[in-house]
Amino acid sequence: MSVGALGEVVFVVSREETRTLSQFYRSRRAEYAEHQILDQKPHLQFTGVGLFRVSFRIKLTAGLCDPKEEAETLWKMQEAGKAYRLLLGIENMGRFAIEDMEEARKWVDPLGRPLVSEFSLSLKEYANG
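Treat the numbers as computed from the prediction; the structure is a model and nothing was measured.

**Quick word on the overall build of the chain**
Looking only at helices and strands, one finds one helix and nine strands in the chain. Taken over C-alpha atoms, the radius of gyration comes to 19 Å for the chain, far larger than the 14 Å a tight globule of 129 residues would show. By residue count, 29% of the 129 residues in the chain fall in the buried class. Here the contacts in the chain between residues at least 6 apart in sequence split such that 55% fall between residues at least 24 apart. Within the structure as shown, the chain displays about 8,700 Å² of accessible surface, and the carbon and sulfur contribution to it stands at 50%. Once the 18 positive and 19 negative side-chain charges of the chain are each reduced to a mean point, those two points are 2 Å apart.

Okay, structure coming up:
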């Protein structure tokens, strides 16, 4: 069962394959200009909202996927510097670029290949006009 996607990376939970998504967070800030006024407190002026930021974790488990191959796909996506469509269930969250990514290899085989890897991804909304 597909639970979402980031570009071509589909988050799936099934008996044959697992690429799970967890700890999903979305945030953004309100932006204000601060105007200094002589002998008074500054006045704030709302200038709009900032870009959405999204963070989540992905768990990759050998036997249910190839953690090394999946990791390479994610690293290449970040290196490309492109924006990818983010889907969560049936909700289209918009286009996002991979800003920050961290890999934790929880278990490796005797040859150093990952058996279980967890990724933490931080994405930034890609809005162009």
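**Examining helix α1 (residues 67-80)**
If you check α1, its first and last C-alpha atoms are 20 Å apart, about what 14 residues at 1.5 Å a residue would give, namely 20 Å. For α1, the complete set of buried residues consists of Pro 67, Glu 70, Ala 71, Leu 74 and Met 77. The arc that holds the buried residues of α1, viewed along the axis, is 120°, so those residues lie on one side. The exposed set on the far side of α1, more than 90 degrees from its buried face, consists of Glu 69, Lys 76 and Glu 79. One side-chain oxygen at the N-terminal end of α1 lies 3.1 Å from the backbone nitrogen of Lys 68; it belongs to Asp 66. A positive backbone phi angle near 65° is found at Gly 81, which sits one or two residues after α1.

**Some remarks on the pattern of salt bridges**
All told, the structure shown has six salt bridges when counted by the stated rule. Residues Glu 103 and Arg 105 are paired through a salt bridge, measuring 3.1 Å at the closest nitrogen-oxygen approach. Shared partners join several salt bridges into a network, and the residues in it are Arg 53, Glu 99 and Lys 124.

**A short note on the nonpolar core**
Grouped together as the largest cluster of nonpolar side chains are 21 residues, with contacts concentrated most on Leu 6, Phe 56, Leu 121 and Leu 123. Residues within four places of Leu 6 in sequence aside, it is in contact with Phe 11, Phe 56, Met 77, Tyr 84, Arg 85, Leu 86, Ile 98, Leu 121 and Leu 123.

Reading guide: rules and limits
- Residues numbered from 1 in each chain as written.
- Predicted model: local features only at pLDDT ≥ 70, side-chain atom pairs only at ≥ 80, totals over all residues.
- Heavy atoms only, no water.
- Helix = DSSP H or I, 4+ residues; strand = E, 2+ residues; numbered from the N terminus.
- Rg over C-alpha atoms; globule rule 2.2 N^0.38 Å.
- Buried < 20%, exposed > 50% of the residue type's maximum accessible area, 1.4 Å probe, protein only.
- Contact = heavy atoms within 4.5 Å.
- Areas by Shrake-Rupley, 256 points an atom, 1.4 Å probe, with all protein chains shown as cover.
- Lys, Arg positive; Asp, Glu negative; His and termini not counted.
- Charge placed at Lys NZ, Arg CZ, Asp CG, Glu CD.
- Expected span 1.5 Å × (residues − 1).
- Arc of directions from axis to C-beta.
- Polar contact = N/O pair within 3.5 Å; in protein donor to acceptor, adjacent residues only side chain to side chain.
- Salt bridge = Lys/Arg side-chain N within 4 Å of Asp/Glu carboxyl O.
- Core = buried A, V, L, I, M, F, W, Y, C linked by side-chain atoms within 4.5 Å.

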